[in-house]
Amino acid sequence: MTWPMLFGVMSLMSFQLVDSAFIGQLGILPLAAQGFTLPMQMLVIGLQVGLGIATTALISRVLGTNDHHRARQLGGVVVIIGDLGIMALCAAIWFGRHQLLWLLGAPPNVFAVIDSYWPVWLASAWCGSMVYFAYSICRANGNTLLPGIMMVITSVLNIGLDPLFMFTFNMGINGAAWATIVSFSIGMLVVFPLLIKRQWLSFDWRGLAVYKAVKELIHIMAPAMLSQLLPPVSAILATKLVAGFGAATVAAWALGSRLEFFSLVVVLALTMSMPPMVGRMLGRKDIASIEALIMIAVRFVLVWQIAIAAVLFVSAQPLTQLLTSDVSVQHILMIHLVRVPISLGALGICMLMVSICNAMGLPMRALLISALRLFVCYLPVLWIGAHFAGLPGLFTGAMLGNIAAGLCAWVFYRQGLVNIRNKYRVTSMA
């Protein structure tokens, strides 16, 4: 179930990079507009992913009890809530755009670009969210192949349409958003009919306690949304700390972070493929199988990330020369590549445990793991390392912070598993 998500995630990352590259050719103002759009995009993605996590957790658990009719009804509830929620958020962003730009410190000459760009971008954000909700329903029903294939197709289509809309039709930055609208709309026209045909989606809610269903979704969605919004805040604070060492360090940190993201792509795919499996097992009250599945995943992540770290360590010098021609940036990036990657296995476990806790109906525990990882294990250790050992200490702090986060996440997951086991034991006795 993981490999289709792997290709899907990689294709999404690729089209976003290509989008940025094309926009970079348009000049400073479009680039600035994209920069001020990113925080708003994180808000939309936070709501989108939060509901997606709740969808996978709740529907897969219902399917574990073999209640396929209720699972179909919940799919319809998710689509309507997602539609209304994203539309409301997009409307709030649009009507409050000037106040938001003022708070972000945008220069006056960016306002006109934003006024032209954001209506199209907000429409593309809505399209992306709707197709994401469809993918979440697929994953909840145990199908990762369809969303994986569609992610690749829509991403390739987006990359192909970008230059057409941006340069041939002379739409500039608006063309990038139009390319996204067209590609994701095609995705919706393919996926939603298939959801209805496969009986994974229904808008006939007779016999469904709609209020209770919405309450269950929000119970998981709200903490998951907060969990999605914590990393950007942490990234801002980490960048502020790194900036104290100069522009070369910021450049090396950014390059190293991109490499980390790509090296963790398998873990990201696992965080999408495992929750529906865990949810179904939980619905069957098969706690032993959940524990066994997670142990397999943890062992795999550790071995895989150690292998990735070894490759990065061996290829550090040619890789740094390939990524940058600046000697000072190369030197700093080398320090990054020989220290931080060895800790990415622990970071991968932390990411996995957040996903698993959401799937097990423990959203507050998942949120706590995310908060502890960033604001107790990572940022303080990063500051201590930088304060007492300078630049090498900064990267050593990042390594130790990731390892501490992995250990904390594992402890909290084990405690949560004990609670789940006790809860279902009490239920079965009753």
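We now turn to the structure provided with this report. Computed from a prediction, not measured in an experiment: that's the story for all the values here.

## Some thoughts on helix α11 (residues 287-314)
Point 1. Under the 1.5 Å per step criterion, the end-to-end length of α11 is 41 Å for 28 residues, consistent within 8% with the ideal 40 Å.
Point 2. When we look at burial in α11, the residues that qualify are I287, I290, L293, I294, A297, V298, V301, Q305, A309 and L312.

## With respect to unusual backbone geometry
Point 1. Here N66, not a glycine, exhibits a phi torsion of approximately 65°, which is positive.
Point 2. Mapped onto the elements of the fold, N66 is located in the loop between α2 (28-64) and α3 (68-95).
Point 3. Although it is not a glycine, N170 adopts a positive phi angle of roughly 55°.
Point 4. Position of N170 among the secondary structure elements: in the loop between α6 (145-168) and α7 (173-197).
Point 5. A relative accessible area of 66% means that N170 is categorised as exposed.

## Digging into the nonpolar core
As a rule of thumb, soluble globular proteins bury nonpolar side chains together.
Point 1. Membership of the largest hydrophobic core comes to 110 residues, with the highest contact counts inside it found for L195, M353 and M360.
Point 2. For this core, the element with the highest residue contribution is helix α5 (residues 108-140), accounting for 20 residues.
Point 3. Leave out the neighbours within four places in its chain, and L195 touches A134, I137, C138, W200 and L201.
Point 4. In terms of nonpolar packing, the next biggest core, distinct from the first, is built from 23 residues, A238, A252, L255 and A386 among them.

## Examining the packing of aromatic side chains
Point 1. Inspection of every chain in the model, using the stated rule, returns seven aromatic pairs.
Point 2. Residues W253 and F395 carry aromatic rings whose centres are separated by 5.9 Å and whose planes lie at 35° to one another, so their mutual orientation is tilted. Here F395 lies in helix α15 (residues 363-429) and W253 lies in helix α9 (residues 247-263), a separation of 142 residues in the sequence. The pair formed by W253 and F395 is uniform in burial state, with each residue classed as buried.
Point 3. Between W410 and Y413 the ring centres are 5.2 Å apart and the planes differ by 45°, which places this aromatic pair in the tilted class. One end of the pair, W410, and the other, Y413, are both in helix α15, three residues apart, so they sit about a helical turn from each other.
Point 4. Looking at Y413, the relative accessible area reads 0%, which means it is buried.
Point 5. In this structure, R97 packs its charged tip against the face of W94, placed 3.6 Å from the ring centre.

## Looking at α5
Point 1. In this model α5 runs 46 Å from its N-terminal to its C-terminal C-alpha over 33 residues, within 8% of the 48 Å that 1.5 Å per residue would give.
Point 2. Bending of α5 peaks at approximately 40° at the position of Y117, with proline P119 no more than four residues after it.
Point 3. Of all 33 residues in α5, 25 are buried; the element is thus mostly enclosed.

## What about the environment of L230?
Point 1. Relative to the assigned elements, L230 resides in helix α8 (residues 210-243).
Point 2. Sequence-wise, L230 and A371 are 141 residues apart; in three dimensions their C-alpha atoms are separated by 7.1 Å.
Point 3. Among residues more than four places away in sequence, those in contact with L230 are L367, S370, A371, L374 and F375.

Cut-offs applied
Residues numbered from 1 in each chain as written. Predicted model: local features only at pLDDT ≥ 70, side-chain atom pairs only at ≥ 80, totals over all residues. Heavy atoms only, no water. Helix = DSSP H or I, 4+ residues; strand = E, 2+ residues; numbered from the N terminus. Expected span 1.5 Å × (residues − 1). Buried < 20%, exposed > 50% of the residue type's maximum accessible area, 1.4 Å probe, protein only. Core = buried A, V, L, I, M, F, W, Y, C linked by side-chain atoms within 4.5 Å. Contact = heavy atoms within 4.5 Å. Phe/Tyr/Trp six-rings, centres within 6.5 Å; stacked < 30°, edge-to-face > 60°. Lys NZ or Arg CZ within 6 Å of the ring centre and 35° of its normal. Bend = angle between axes of the 7 residues up to and from the residue.

Honestly, it's all geometry; don't read function into it.
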